[in-house]
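The chain contents come next:
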Amino acid sequence: SSLAAMIGDLKAAAGLKALNDHLSRNSYVLGPTVSDRDFEALKQIGKSTAAYPHVERWIRHVGALQTRNAGGSLPAFSPVGRPVAVEATSAPPPAKAGKEKPAAKAPPAKAAAKAAAEPAADAAVAAQAEKVRGLKAAKAPKAEIDAAVAELLALKKQAGVEPAGREKGKSEPKAKAGGKDKGKQEPAGPVDPAVEAQGNKVRDLKAAKAPKAEIDAAVAVLLELKAKAGGGKAAPKAKAKAEPKAKAKAKSKVKPGEEDTKGITERKDDNFSEWYTQVITRAELIEYYEISGCYILRPAAYFMWEVVQRFFDSEIKKLGVKNSYFPLFVTKRALETEQDHVEGFSPEVAWVTKYGDSDMAEPVAIRPTSETIMYPAYAKWIRSHRDLPLKLNQWTSVVRWEFKQPTPFIRTREFLWQEGHTAHATDKEAEEMVYKILDLYVANYEELLAVPVVKGIKSEKEKFAGGKMTTTVEGYIPTNGRAIQAATSHHLGQNFSKMFGIEFETASKEKEHVHQTSWGFTTRSLGVMIMTHGDDKGLVLPPRVAQIQVVLIPLPFKDQPLEVAAKKCEEFFKELKAAGVRVHLDDRNNYTPGWKYNHWELKGVPLRVELGPKDMDNKTVRVVRRDTGNKEDIPWAGLVERIQTTLETVQKDMFAKAKANLDAGIEKLTEWKDVMPALNRRKIVLLPWCESMESEEEMKAETQKEVPADVVEHDPEEGGAPALSGAMKALCIPLEQPPMPAGTKCIWTGQPAKRWCLFGRSY
């Protein structure tokens, strides 16, 4: 309908206030012209719009378009300061002869270029293009922009319009392999429908600026389809070249299709961020999702989480902990009960404000943690000392929205975790519970994931908001010199029980508040393990968490069919499986042995067992370790026992290697001048400290100021934190303290030092 009709409807319904409210929430793409009738209708109400700023802005917007009459070059109207979606578009009313103003001057070159890429004859395409520009101008969420771009591409395809930069009706020249003439075209031929469909998918992903890993995966599928159809070849494996780190990022920007999308093309030490992204995607642990900071855990990753889950769940049950489940949502009133707590989490809280098209009467938060969800129930359930201790745990997910640099597993907007909450009659019981859980977290990392950690206590500044004390296990990534908070166990004291009224009657009939703990362990642990053990070939998995511990590969020979070795491997497969070994038989005959070796090395399988013609003659198998590459020929007799022993050896050796790296990564210093050089050598530092919050802030600021520009490596893309940027912070005060000589001074203030504290750059 025309603008005049729409304005009339709104005025009849609820007057200018309704129109103003409507325009404050929505945007409109206007037709290429505005009739005098419509503009006059706006002018009639324009005299009384002082109290309605959105109506005034809209009138000026329409007036500007009518004056310019520029064929749609004016951006869509949108509310100020809000991400918007285009709610309605309509074709312009037919022009009346003699009443329309003369055409304005041509729009600027940039607008003209955009207009040239969109056929003016197709109103739907033009309207959707305006919608995309409006969203970008309003800085709408990326997912919303991507969805609008995808819709635009679909409309263009329906209208027979090629993407920008390609002439309609003409095919794009193909670059031939081997560096041949780029401008020459391949002979035209029938295109396989599957290849064409996948090619369109790749183009759509690129146009929508999808994550690189998603584009690479789509390109890999396209290349395979082309190879099967005879229309292309698999991309050649890129040759590794030594090059300066400054060029590492440029190297990672090779166009998809020109790089190896199956193996790992980046060196861990040269481009840690891109290496990590390739490993987690090409080893099929993670799939990127359209919402930034959210990821799909694929079966191989979720299996490892289940192993950790089973171990920890069985151990806490021995401590009398029971599993439960509490709701995902928390009211604003409950969340704000403990002010220090909510202030610590407020930047990360995601709120639900609408259901369908209606506003919520009261917004509800999606849990960032569950203290404020669980403790009102604790106040109902606990009445007497006989109700204590109460020990509950839940396996769930939480959402924490505010962060700058998402990194799969390490820092995500939604993550899986367990969170335990206990209530005790005495402070001593609560403290004992805190340290028992901390020991279980150490066991998770060191016994299952083969990752060494440092047990310690957080500083006052770094402790859990609203808690009495936070204990932690801290990991260390030698490649980029960053520490990482691996898990925490909090002593909450009586602060929360006083806020939520959790009281019990003692045996002497007195009322007391309970002493509480809370503790959590997350899927971040998997990222720490990957970063710690992975190498330039891909994953290196500890046997205790690997979904496949052993892969059997029968080898063909020119005068002996594959079936002979494959049959013997089947026997080994059954024996190993019966012994509890997680084993896989790769007897595919469409891949070479070398391809299989690379494939299973990328996936981190701890042991590879090869059986070829010579092995058949000698009644042996060749066993290759993923962690070291060492090879050993083992007789068939006693094979199962030798495999089991070797798996345990691999587990212990991986931990020992990582522990040596951790020990070498900690430098004990007593003079400030040595701190920055150590940090820039990718170390974490053990310093004598007075433990004042002021000195902690000052040291953090000083190390941020002293970061040399020539050593900072910052890559804002998802994958890994910058290697040498950022200030240092207090990681923990280690529970195992080195001797401190009498008279030792704080490294910053010169006051008497209380304890040694571990400082470093951190995720």
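Above this note sits the structure.
Residues numbered from 1 in each chain as written. Predicted model: local features only at pLDDT ≥ 70, side-chain atom pairs only at ≥ 80, totals over all residues. Heavy atoms only, no water.

(A) The sheet that holds strand β6 (residues 329-331), seen in detail. Here we have three strands laid out as an open sheet, ordered β6-β8-β7, and antiparallel in their pairing. The two strands at the open ends of the sheet, each matched to only one other strand, are β6 and β7 (350-355). Averaged over all pairs of adjacent strands, the angle between their axes in this sheet comes to 50°, without regard to strand direction. Summarising the sheet, β7 and strand β8 (residues 358-366) pair through five bridges and their orientation is antiparallel. Counted as the bridge partner of A350 is I366 from β8. (Pairing = 2+ DSSP bridges. Helix = DSSP H or I, 4+ residues; strand = E, 2+ residues; numbered from the N terminus. Axes fitted to C-alpha atoms, helices over the stretch in contact; angles between N-to-C directions.)

(B) Focus on the sheet that holds strand β21 (residues 631-635). Here five strands make up an open sheet; going across it, the order is β18-β17-β19-β20-β21 and the pairing mixed. Two strands lie at the open edges of the sheet, namely β18 (583-585) and β21, each paired on one side alone. Pairwise comparison of adjacent strand axes, ignoring direction, gives a mean angle of 25° for this sheet. Note: strand β17 (residues 550-554) against strand β19 (residues 607-611), five bridges, orientation parallel. What sits directly across from V551, in β19, is R608. Contacting β17, β18 and β19, helix α19 (residues 593-602) runs over the sheet at an angle of about 175° to β17. Most of the contacts of helix α21 (residues 639-665) go to strand β20 (residues 620-625), to which it runs at about 10°, and overall it touches β17, β19, β20 and β21. (Contact = heavy atoms within 4.5 Å.)

(C) Representation of helix α15 (residues 427-448) in the model. Helix length check: α15, at 22 residues, gives a terminal C-alpha distance of 31 Å against a target of 32 Å (1.5 Å per residue), a fit within 8%. Two residues or fewer after α15 comes A450, characterised by a positive phi angle close to 55°. (Expected span 1.5 Å × (residues − 1).)

(D) Main features of the side chain of K596. Tracing the backbone shows K596 in helix α19. Since its relative accessible area comes to 2%, K596 is described here as buried. Ignoring anything within four residues of it in the chain, the contact list for K596 reads I553, D586, D587, R588 and Y591. (Buried < 20%, exposed > 50% of the residue type's maximum accessible area, 1.4 Å probe, protein only.)

(E) View of the packing of helix α11 (residues 299-318) against α15. At a minimum axis separation of 11 Å, α11 and α15 run at an interaxial angle of 150°. As for how α11 packs across α15, the hand of that crossing is right-handed. Facing α11, whose interface residues are V307, V308, F311, F312, E315 and I316, α15 presents I437, L440, Y441, A443, N444, E447 and L448. A breakdown of the residues in the contact of α11 with α15 according to their chemical character gives ten nonpolar, one polar and two charged. (Left-handed = near helix turned anticlockwise from the far one by under 90°. Nonpolar A, V, L, I, M, F, W, Y, C, P; charged D, E, K, R; others polar.)

(F) Here's a closer look at the packing of aromatic side chains. Under the counting rule described, the total for this entry stands at 19 aromatic pairs. Each ring, one from W305 and one from F521, has its centre 6.3 Å from the other, and the planes form 10°; the classification is stacked. Within this pair, whereas W305 is found in helix α11, its partner F521 is found in strand β16 (residues 515-522), the two being separated by 216 residues in sequence. Since its relative accessible area comes to 2%, W305 is described here as buried. For F521, a relative accessible area of 1% gives the class buried. Taken together, W305, F312, W395, Y441, Y445, W519 and F521 form an aromatic cluster joined through their ring pairs. The ring centre of Y597 lies 4.0 Å from the NZ or CZ of R608, which sits over that ring. Directly above the ring of W756 sits K668, whose terminal nitrogen or CZ lies 4.7 Å from the centroid. (Phe/Tyr/Trp six-rings, centres within 6.5 Å; stacked < 30°, edge-to-face > 60°. Lys NZ or Arg CZ within 6 Å of the ring centre and 35° of its normal.)

(G) Region of interest: unusual backbone geometry. Residue P389 is bonded to the preceding L388 through a cis peptide linkage, with omega at -5°. Considering the arrangement of structural elements, one finds P389 in the loop between α14 (371-381) and β9 (390-399). Even without a glycine there, the phi angle at A450 is positive, about 55°. Mapped onto the fold, A450 is located in the loop between α15 and β11 (454-457). What makes A450 buried here is its relative accessible area of 0%.

(H) The arrangement of the environment of R625 in detail. As for its position among the elements, R625 is in strand β20. According to the relative accessible area criterion, R625 is buried, its value standing at 14%. Beyond its immediate chain neighbours, meaning those up to four positions away, R625 contacts P606, L607, N630, T646, T649, V650 and D653.

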